[in-house]
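Analysis of the macromolecular model
Residues per chain are reported as follows:
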Amino acid sequence: MGFDKTKALNAAEKFLAQGKIPSAIQEYRKIVERDASDFSALNTLGDLYVRTKNAPEAMGYFLRVADHYREQGFALKAIAMYKKISRLQPDEPGVAQNLARLYEQQGLYVEAREQYLSVANLAARLGHKRESLEALRRIADLDPKNVDIRLRVAEGYTREEMNQDAADAYVEAGELLLTSGRAQDSLDAYKLAHALLPSSHAVLHGLVAASSAVGAAMEAAQILEQAVADVPGDLELRALLSRTYIEAEDAPAAERTIAALVAAEHTNYPLWFEVARLHLKQGSASDGVRVLARAVEPALTGKQERVVLNLLDETLALDPDQIDALKLVLRIHTWQRDDEGMRVTLERLADVARRHGQDEEERRALEHLVRLVPFDQSYHERLSELGGAVEPSAESASLYGEETTHGGALAHADGSAFDAPTFENLAEFRAEPTSDLDQFAPTNGAGATGAVEFEWNTVTPVEETAPGAADPSASFADLNMESASTPAAAPTPFDFAFERGGFEADISHDENQSAPQAGQHATDDARIQSLLKQELESVDFYLEQGYTDIARDTLDMLERQYGVSAETTARRERLHPGEAADAQTHGAAESFADFGGFDHPAESSTEFLIDEQAFVVDAEELKAEASTVVAAPAAKGKAKKSEKKDAREARVVDPQLASIFSEFLDEAGAEPQPPPSHDDDFETHYNLGVAYQEMCLWDEAVEQFQKAIDLTAASDGTPHYLECCNMLGHCLMQKGIPRAAVLWFKKALAIPGLNEDESQALRYDLGSAYEQSGDIDRAIDTFSEVYGVDVSYRGVAERLRELQSKAVISNK
């Protein structure tokens, strides 16, 4: 015969009505053994064991219910169950720990603090110092503004040789102290952390921030120098050291450290901007330009030319005749293909050179102005006054990075001659974009690109050109890998190409020169076909791997260099149907301005890698400047009774923790209640009160409803005040304090705007409270009002007759 759960429940209720608790327990045990998910039965069974004073059995059932509620996310019900358990065994650490976490989750920080303090206290009595310190740290986290407590916890960690935890606590304290304006105290905290973890990035970042705040950046720099010496491969420490020297305004030291950092990782070049700003701040325009010369090429590649231009504007505001700064401005305008900017800068260069008697500088500027604006006769006239355009001497060729043949014509480094192009040549070259590889080509005239040079080496090179310049025949895929791993060869400062043309190193552009031999054409065609095949294989790989952006950029580059072909068209169809038709329409001869409007033809698949690396640098800089911790505001609680504090203090047996406990306890006894604010706070307290009421925890329920009603008002336009009054009245009646219940029912009845149903219910409950308190006359009066409105309301007629009979008997 199967188990009949309904029959068992009826039997259990019958036994309970008869006061036969053991028999009722047996019936409920049968129920929970066959249905372990009946948590109501488990809770009832626990209550019955409490009535028989069998606390261990009761706790087992209560724990099953509490753990279920906690795991299922019913936090308030779980809190109520754990409170029942803590009544049976107040020193159970697992219960206190769960209660603390649940209270913290609900934003009840005062209650959470009390539970964490209980955990810490118990752990200390058992000699578990680390567990006790961990609980105290959680208490400190509840009140992030309390720095002193956090420092005491850090001291406790230090005594237990928990260096990582202690350093973390000191760092947190240091951040809070620095944020609150206590820079020296913050520095002291960071020094204590540094003594524990000398190589910690968090500690060193904080140490630098605090040192800078008190004007001791050089002291922090000395500490960082030792850290870098200990871990020379740590680039983050090198970057931090560089910024520290900048903060200390030690420009030479900053240049030294940044040079080493950029040599190891070229994406850190934006630090040169900071050094340039420092030189300008110190009034040295020439040093500022010298530093910017080291950053201009990677800045152009990384699309930060606007930053460089702004710094150059500051430089020229400081020294309007700074020729080297004007040359850098010209370099940027050339990169941007800004004809107007180039013209204005060249005119300014010529004017400054003329006023300072630098004829050769003026001549070079005018030569380029004649090519750029050939119809302006003033340039020709002034150039004629200077003797006209002349072939550079061996001395001037060395100065400008050029070489000459024996016949006097300009020549490449390999000895092959070429003539300076006319303005028409330049216009022709600029109508055909150059490949991404050009940006890595040597700027001394050598190599496949052979661009006409704009080389005014009037400044001593700050560093030698790095070996290993990129091979112009390298594949596009190789270029990606190279740009992501190693910097391109550093150009000599001011060794810039005026225009990026399409010359071949082995072909002269003299119109009178004979055409190349047929064999040379065959060799070039074979080489082009080999390169094209290699690039197309790269495109196939990108398509197979899903790198569509890189594939598209590579195809764009190939079509600009070699024209649209059947091979590129087929791959565009694979990339996106219909795209090949668009490419065929536009062709490879379209101008650079029409081709997407990029700032520079080098914007291709390498752009992603460069920008990504630049972003990493920016993120590191932001990380170094960050010095605050955002924490949720800790709620405050009501004052604790001094006798409870004394009892807790008496339970602390570890002398090293006693002082820390005393500070926590002192603060617990002095905290004010936070002002009422949000509906979320009301809902938390109200719902927790309901959970306590369901578990028959009347004292806890009354406390929560009282907290909830403090967060509302009778005139706030919500039913919150009425709900709290009603719940308080019922809980107080359950506790056997009907006179207090009368108070809350009367407050509820005084709320304006109640409807008749609400008024009837409250009058009936008020009459019941009067009856329970023994005030028969007032109970009769109140029930009479209910009867007058609805004679059938909740059996009021029968109750009124009973009360009238009692009144007659008592009067006799």
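Scoring rules and cut-offs
Residues numbered from 1 in each chain as written. Predicted model: local features only at pLDDT ≥ 70, side-chain atom pairs only at ≥ 80, totals over all residues. Heavy atoms only, no water. Helix = DSSP H or I, 4+ residues; strand = E, 2+ residues; numbered from the N terminus. Buried < 20%, exposed > 50% of the residue type's maximum accessible area, 1.4 Å probe, protein only. Contact = heavy atoms within 4.5 Å. Areas by Shrake-Rupley, 256 points an atom, 1.4 Å probe, with all protein chains shown as cover. Salt bridge = Lys/Arg side-chain N within 4 Å of Asp/Glu carboxyl O. Phe/Tyr/Trp six-rings, centres within 6.5 Å; stacked < 30°, edge-to-face > 60°. Axes fitted to C-alpha atoms, helices over the stretch in contact; angles between N-to-C directions. Parallel < 35°, antiparallel > 145°, perpendicular 65-115°, else oblique. Left-handed = near helix turned anticlockwise from the far one by under 90°. Nonpolar A, V, L, I, M, F, W, Y, C, P; charged D, E, K, R; others polar. Disulfide = S-S within 2.5 Å. Core = buried A, V, L, I, M, F, W, Y, C linked by side-chain atoms within 4.5 Å. Expected span 1.5 Å × (residues − 1). pLDDT = per-residue confidence, 0-100.

Once that is clear, we can look at the overall build of the protein chain. On a plain count of helices and strands, the protein chain comes out with 39 helices and four strands. When burial is assessed residue by residue, the protein chain has 46% of its 812 residues classed as buried. The contacts of the protein chain with a sequence gap of at least 6 include a subset with a gap of at least 24, amounting to 60%. Within the structure as shown, the protein chain displays about 38900 Å² of accessible surface, and the carbon and sulfur contribution to it stands at 50%.

Attention now goes to the environment of Glu 559. Residue placement: Glu 559 occurs in helix α27 (residues 548-562). The class of Glu 559 is buried, set by a relative accessible area of 7%. The spatial distance from the C-alpha of Glu 559 to the C-alpha of Thr 569 is 9.6 Å, given a sequence separation of ten residues.

So, on to the pattern of salt bridges. Opposite charge on two side chains lets them pair, provided their charged atoms get close. For the structure shown, the criterion picks out 38 salt bridges. With a shortest N-O distance of 3.1 Å, Asp 351 and Arg 355 are connected by a salt bridge. Of the two residues, Asp 351 and Arg 355 are both situated in helix α20 (residues 339-355); the distance of four residues between them amounts to about one turn of the helix. A residue is classified by how much of its surface remains accessible, and Asp 351, at 39% relative accessible area, is partly exposed. A single network of salt bridges, built from pairs that share partners, joins Glu 134, Arg 137, Asp 141, Arg 150 and Glu 172.

Another aspect to go through is the packing of aromatic side chains. The description of an aromatic ring pair uses the distance of the two centres, along with the angle that the planes make with each other. In the structure shown here, the tally under the stated rule is seven aromatic pairs. Relative to Tyr 686, the ring of Phe 682 lies with its centre 5.7 Å away and its plane at 15°, an arrangement referred to as stacked. Of this pair, Phe 682 and Tyr 686 both sit in helix α33 (residues 679-694), four residues apart, roughly one helical turn. Of the two residues, Phe 682 and Tyr 686, both sit in the buried class. Measuring from ring centre to ring centre gives 5.3 Å for Tyr 764 and Phe 783, while their planes differ by 70°; the resulting arrangement is edge-to-face. Here the residue Tyr 764 occupies a position in helix α37 (residues 756-773), and Phe 783 occupies one in helix α38 (residues 776-789), the gap between them amounting to 19 residues. Here Tyr 764 and Phe 783 have matching classes, each one buried. Each member of the aromatic cluster is reached from another via a ring pair, and the members are Phe 682, Tyr 686 and Phe 705.

So, about the packing of α37 against helix α39 (residues 796-811). Across the interface, α37 lies against α39 with an axial gap of 13 Å and an inter-helix angle of 25°. Regarding the angle of α37 to α39, the classification is roughly parallel. Our pair here, α37 against α39, has a crossing hand that is left-handed. Touching Tyr 764, Ser 768 and Glu 771 of α37 are Val 796, Arg 799, Leu 803 and Lys 806, all from α39. Residues of the contact of α37 with α39, tallied by class, amount to three nonpolar, one polar and three charged.

One pass over the structure, following the stated rule, counts zero disulfides. No disulfide involves Cys 724; its sulfur sits 7.1 Å from that of Cys 725, the nearest cysteine. Free of any disulfide, Cys 731 has its nearest neighbouring cysteine sulfur in Cys 696, separated by 9.9 Å.

This brings us to the nonpolar core. Counting 108 residues, the largest nonpolar core has Ile 79, Tyr 82, Tyr 103 and Tyr 692 as the members making the most contacts within it. Per element, the largest residue contribution to this core is nine residues, and it comes from helix α35 (residues 720-734). Contacts of Tyr 692, omitting those with residues within four sequence positions, involve Ile 79, Ala 80, Lys 83, Tyr 103, Leu 697, Glu 700, Ala 701 and Gln 704. Counting residues in hydrophobic clusters, the runner-up holds 58 residues, among them Ala 254, Val 275, Leu 311 and Ala 325.

Taking 1.5 Å as the rise per residue, helix α4 (residues 55-71) with 17 residues should run 24 Å; its terminal C-alpha atoms sit 24 Å apart, in good agreement. Residues of α4 that are buried make contact with α2 (21-34), α3 (39-51) and α5 (75-88). Gly 73 sits one or two residues past α4 and shows a positive phi near 85°.

Once that is clear, we can look at the packing of helix α9 (residues 147-159) against helix α10 (residues 163-179). Their axes nearest at 8 Å, the elements α9 and α10 cross at an angle of 160°. Relative to α10, the element α9 is oriented roughly antiparallel. Like other packed secondary-structure pairs, α9 and α10 cross with a definite hand, here left-handed. Contact residues: Val 147, Arg 150, Leu 151, Ala 154, Glu 155, Tyr 157 and Thr 158 in α9; Asp 165, Ala 166, Ala 169, Tyr 170, Glu 172, Ala 173, Leu 176 and Leu 177 in α10.

Here we take up the environment of Ala 551. For Ala 551, the location among the structural elements is in helix α27. With a relative accessible area of 0%, Ala 551 lands in the buried category. Between the C-alpha atoms of Ala 551 and Glu 535, which are 16 residues apart in sequence, the distance is 9.9 Å.

Although it is not a glycine, Lys 53 sits at a positive phi angle of roughly 60°. Relative to the assigned elements, Lys 53 resides in the loop between α3 and α4. The phi dihedral of Glu 161 falls on the positive side, at around 60°, and the residue is not glycine. With respect to the helices and strands, Glu 161 occurs in the loop between α9 and α10.

Taking 1.5 Å per residue, twelve residues should reach 16 Å; helix α34 (residues 698-709) reaches 16 Å between its end C-alpha atoms and fits that length. The element α34 is largely enclosed, with a buried count of nine among its twelve residues. Within α34, the full set of buried residues consists of Trp 698, Glu 700, Ala 701, Val 702, Gln 704, Phe 705, Lys 707, Ala 708 and Ile 709.

Moving on: the side chain of Thr 267. Tracing the backbone shows Thr 267 in the loop between α15 (251-264) and α16 (271-281). Since its relative accessible area comes to 8%, Thr 267 is described here as buried.

A separate point is the confidence of the model for the protein chain. A low pLDDT means the predicted coordinates there should not be read in detail. Within the protein chain, residue pLDDT values average 73, and 68% of them lie at 70 or more. Highest mean pLDDT in the protein chain belongs to helix α18 (residues 305-318) (94); lowest belongs to strand β2 (residues 410-411) (32). A low-confidence stretch, residues 392-518 stays under pLDDT 50, and its non-local contacts, those more than four residues away or across chains, total 237 contacts. Note that residues 578-653 has pLDDT below 50 and, in this model, 140 contacts with residues that lie over four places away or in other chains.

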